[in-house]
Amino acid sequence: MSFLRVEALWALPLVLAPLIIHLLHRRRHPTMQWPAMMFLYQATKMRRGPAKLRRFLVLATRVAVLALIIFALARPLSSGLFGIAAGRIADTGKTVILIDRSTSMQRRDTLGRSRQERGLASVMETLQTLGIDQPIVIDNVTMKPIVAADLDSLTQTSIAKAADARASIDTMMMTAFEYLANQDATLVDVWIISDRNASSWNPDASTWEAMRRFQDTYGEGLRIHRFDFEANARQQNSSVRLTDLRWSKNQPTSEPSQQENAEQGVELLLSVVVESEQSQGTVPLNIKIGTTTHEVDVTLTGGKASLENYPLTVPGMVTGSGQANLYGSVSLPTDCNPADDDWYFTLSPPIKPVVAIVSEQPCDALIAMGEVIGEVAFDIAGGKLQNSTASTGDGANGAGQGGLQLDGIDSLWWQGQLPSGETAKTIESFCANGGSVAFFPPALPDTAIQFQGVHWNPWETGEPDETSFAGVKFMLDQVCTFDGSAVAASTLTDGTVWLSQRKSDRGSVWFCGANVTDHQNLFVRQGLGLFSVLAETIQDVDRQAVRNHEVLAGDDAAKRMIATATQIKPVLVPRQTSDGEMGYHRGVYSVSMGETQNRNVAINRGADDDRQLDDRQLDDEQLAALLPVRSVNVLALDGANLTEPQGATRELWGGLWLAMIAGLLIEGWLSLASRPATSSTNSTPNSSMRGQS
Amino acid sequence: MLGSVSGRHQSPHRGSSVEFAEYRRYQPGDDLRRLDWRAYGRSDRYYVKEFEADTNLRLILVLDASGSMAYANKFDVARQLAATLAYLAIGQGDASGLVSAWDGQYEHMPARRIAGQVEQLFARMERLQPVGDNAVCEAISEFAESTRQRAMVVLISDFLFDLDRLKTSVEHLTFRKHDVVAFHVMTAEEIRPSWDRPVRLQDMEGDESMLVDPEEIRSGYETAVREYLTNIEKLMHRSAVDYHRMMTDDAVEDVLSRFLSARLGDAAR
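Just so we're clear, the structure is a prediction, and the values are computed from it rather than from any experiment.

Parameters and conventions
- Residues numbered from 1 in each chain as written.
- Chains lettered and ligands numbered in written order.
- Predicted model: local features only at pLDDT ≥ 70, side-chain atom pairs only at ≥ 80, totals over all residues.
- Heavy atoms only, no water.
- Helix = DSSP H or I, 4+ residues; strand = E, 2+ residues; numbered from the N terminus.
- Buried < 20%, exposed > 50% of the residue type's maximum accessible area, 1.4 Å probe, protein only.
- Contact = heavy atoms within 4.5 Å.
- Areas by Shrake-Rupley, 256 points an atom, 1.4 Å probe, with all protein chains shown as cover.
- Phe/Tyr/Trp six-rings, centres within 6.5 Å; stacked < 30°, edge-to-face > 60°.
- Patch = residues over 30% accessible without salt bridge, like charges linked within 9 Å, V, L, I, M, F, W, Y side chains within 5 Å.
- Salt bridge = Lys/Arg side-chain N within 4 Å of Asp/Glu carboxyl O.
- Pairing = 2+ DSSP bridges.
- Axes fitted to C-alpha atoms, helices over the stretch in contact; angles between N-to-C directions.
- Core = buried A, V, L, I, M, F, W, Y, C linked by side-chain atoms within 4.5 Å.
- Polar contact = N/O pair within 3.5 Å; in protein donor to acceptor, adjacent residues only side chain to side chain.

Notes on the overall build of chain A
A count of helices and strands for chain A gives 17 helices and 33 strands. Across the 693 residues in chain A, those meeting the buried criterion constitute 52%. At a minimum sequence separation of 6, the contacts of chain A that also span at least 24 residues come to 71%. When the accessible area of chain A is evaluated, it comes to approximately 31,400 Å², of which 52% is carbon and sulfur surface.

A closer look at the overall build of chain B
Of regular secondary structure, chain B possesses 8 helices and 10 strands. Long-range pairs, those at least 24 residues apart, make up 74% of the contacts in chain B between residues at least 6 apart in sequence. When the accessible surface of chain B is split by element, carbon and sulfur atoms take 47% of a total near 13,000 Å².

Focus on the packing of aromatic side chains
For the coordinates displayed, the defined rule picks out 24 aromatic pairs over all chains. Judged by centre distance (5.0 Å) and plane angle (65°), the ring pair of F39 of chain A and Y228 of chain B falls under edge-to-face. With F39 of chain A in helix α2 (residues 37–73) and Y228 of chain B in helix α7 (residues 214–238), this residue pair bridges two chains. Comparing F39 of chain A with Y228 of chain B shows no difference in burial state: the two are buried. Ring centres 5.7 Å apart and planes at 70° place the aromatic pair W195 of chain B and Y221 of chain B in the edge-to-face group.

A few points about a nonpolar patch on the surface
Nonpolar side chains collect at one region of the surface, where L16, L19, I20 and L24 of chain A lie side by side and expose about 340 Å² of accessible area between them. By relative accessible area, L16 of chain A is classed as partly exposed at 43%.

Observations concerning the sheet that holds strand β10 (residues 242–247) of chain B
Residues and elements named next belong to chain B. Strand order across the open sheet formed by 6 strands is β5-β4-β3-β6-β7-β10, with mixed pairing between neighbours. Only two strands of the sheet have a single neighbouring strand rather than two, namely β5 (105–112) and β10. Here the average twist between neighbouring strands, direction ignored, is 15°. Of the strand pairs in this sheet, strand β3 (residues 58–64) and strand β6 (residues 152–157) are connected by 5 bridges, and their pairing is parallel.

Details of the sheet that holds strand β9 (residues 209–212) of chain B
What links the strands of a sheet is backbone hydrogen bonding, and the strands pair in either a parallel or an antiparallel sense. Read from one edge of the open sheet, 3 strands run β2(A)-β8(B)-β9(B), paired in mixed fashion. In this open sheet, the two strands that pair with only one neighbour each are β2 (31–34) of chain A together with β9 of chain B. Averaged over all pairs of adjacent strands, the angle between their axes in this sheet comes to 30°, without regard to strand direction.

What about the nonpolar core?
With 50 residues, the main nonpolar core has L40 of chain A together with L155 of chain B as its most contacted residues. At 9 residues, the largest contribution of residues to this core is made by α7 of chain B. Beyond its immediate chain neighbours, meaning those up to four positions away, L40 of chain A contacts W34 of chain A together with W195, L201, M210, V212, I217 and Y221 of chain B. F75, I90, V185 and V252 of chain B belong to the second-largest nonpolar core, a separate cluster that totals 34 residues.

Some points on the environment of Q278 of chain A
All names here are of chain A. Within the fold, Q278 resides in the loop between β10 (266–276) and β11 (280–289). Taking the C-alpha atoms as reference, Q278 lies 6.1 Å from Q236; in sequence the two are 42 residues apart. Ignoring anything within four residues of it in the chain, the contact list for Q278 reads Q236, L300 and G303. Here Q280 takes part through its backbone oxygen, which lies 2.9 Å from a polar atom of the side chain of Q278.

Pasting the structure below:
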């Protein structure tokens, strides 16, 4: 129970008026002589109890009616723990609404209303009741506090619409608290329109720890309202996710076979995971590539089904032809959450591996090998761009304004001091996305510089020693060893490790201690060892993965698209999006980078783990740990109830009036029960009591 | 009525008045002068001719002068009733006496038919002031115990005391063959009080007082009154007492008129 006009409650002591009047009335009684005390004594024994009860009830009813009148004046609200905060918020406090627009919030009830829509409608109705018309809104796309012009604007702007970016409640809350701190707000109501999805709450984030300080600062002044959305058991959600997409390695890649390839098509291997709340059954999977549609039935077992390297022939695709604008999607029949029923991808034709070379001095050996094995996108020597191949496109032009750019690169061959700082981060990200890096030692190794805990040791020159790698034997006469955590790939006869590999997510990092800058070196001069090493790094690269233009919806996708594109056009999207939210909605977009360069980018929902369904829920204990404030109000919205009230709070006028009328009727009835006796005594002197002789 | 001199009241004994009553078979010891020889001639049996005997009345007025009788005009009505009955009795040659009881005491003025008895009774009644505890039962018992001659005992009281005590006293009178009449004087206010607000009630026959909330006690009070009235009627009926309840706003002449008419009717039967 809460009140819009709390000050009216100061009148509550008035409810004691009937009691005081009653007591005063009793004290003002007159004394009179009475002959028939015997009747009084008898009546006292017989009737005092019921009469006393009735008098008590009359008094209680009068008190209750007065209390109801005062409550009515205080404009009470029904909202359980919503509490007294409502009144104070309406006057002086700040109201912040955090809107989770992520995938799980798009789950719909039987009326087709998404959780996001229902939560927002509930908050709007509540705020309207409270008279708050300019709340501060933060959603997981803009991540900025925006003061709403009015409540209606909440549903008219993009924040009411779905997005595919992963929500980050912790960051949103931190943003809210930072904003409120600047506003010097002391009374704060925070509405969190989100479900219990763990990926949205991100319970392991360090932000929560910092946020507790804010929560402690506000103390009783902070009240948090969150929602619990009851899933309708009759509606079962399924989701699909593309886990791998690659060209078959059996594809011919030489130029003379292009005509043949064009006729036969190129084989694509597709891997998909379907998760469903339905434990068993068959799910039709729709695979669309360009204008071609394939339908495959997958069988659920234990709520999961998958396709592993499912072969699909893409007709008309020619290896190395540069047809980079094909795209497609994998989709399920629409269910209660359409936001996780599809997955988009782009297709790049199988091409020669693209390598980038960074060296201290122009390294002819690496350049020559690069041209033999694949295509050298760019060659940076001594920090200067030596050569760049325009055909690689995609910004694979070496060091741009943002540092090393490795878009479109399959393998990076790095000779020199190990990278550090932003460059190291770029390379790590490159590896994480499936690229491979081969590090070769600099002329003068600096042992203090490390990359992923590995550093070069000084050069060791000795007698040539035989070694082998990938089935090829060759000689090494100069080796730079290294320390750090990596798996030895090849050793000398004395056990010295000169080549090791370190896996990094989808990619790998190679540390090769051989000298590639000295032309007289056996390793370079013979070339066999160098070729086998570099070929292996290329072989290891997930270059067949054709999804190098696929990103997850969110800030990274938005930054990449905005940073590189001059124009972005939707190609295959489930819903229209505003220009300001490019990168936060799934679909395939055509990104223009200048007049000639166009490419397709696939954006998918920002799920950050393998589980796509929103069944990874935080329990009450975990949520309580994240929100340790005393006043946390949980509003349950039942998905199965079609007639559930939208508002979290509402004024109780109707109920109060009914209660008052009932109270007055009861009071009247209790009073009437005794009054007629008095009146009859006064009007008729009781002829029936006359004696019969 | 059994009296010591001839009067205007029918005696329970057969006497020598002119009004024939019945024939009765002669029994040894009967006065031979009362034999009906004509009847002997007709039936050859001895019959004695009996006539109704007239006698005078001894009227004993028992007047309750306890504190409760001071409420409203109850005592005035009681005195008026007693005085009227005494006046009527003495006026027709009957003896009349008075037993008054007040504040735990009682006084007995024997029944006489002498000149000036009315004035003495009136003077006594004039002096009486209702006060104190009720002593009617004690006075009745004392009278019943001490007086052997049968009389008409008229009880005039509000009978606001324990009915068990009243029963004992009344049965004592009826056991002594007295003709007992009871005038129950009440006020309408006593039966259905018109309190409309809490009031402190002070006992008129004692020191006790009680704070009464009408809403709280009304129902129980009226129930108690109903039970009491029912019980006293039963008591009087079972004890063969001629019971009359009168309200203080009833006219005394009407009450007496009804009483005397009923008496005359009984006598005629």
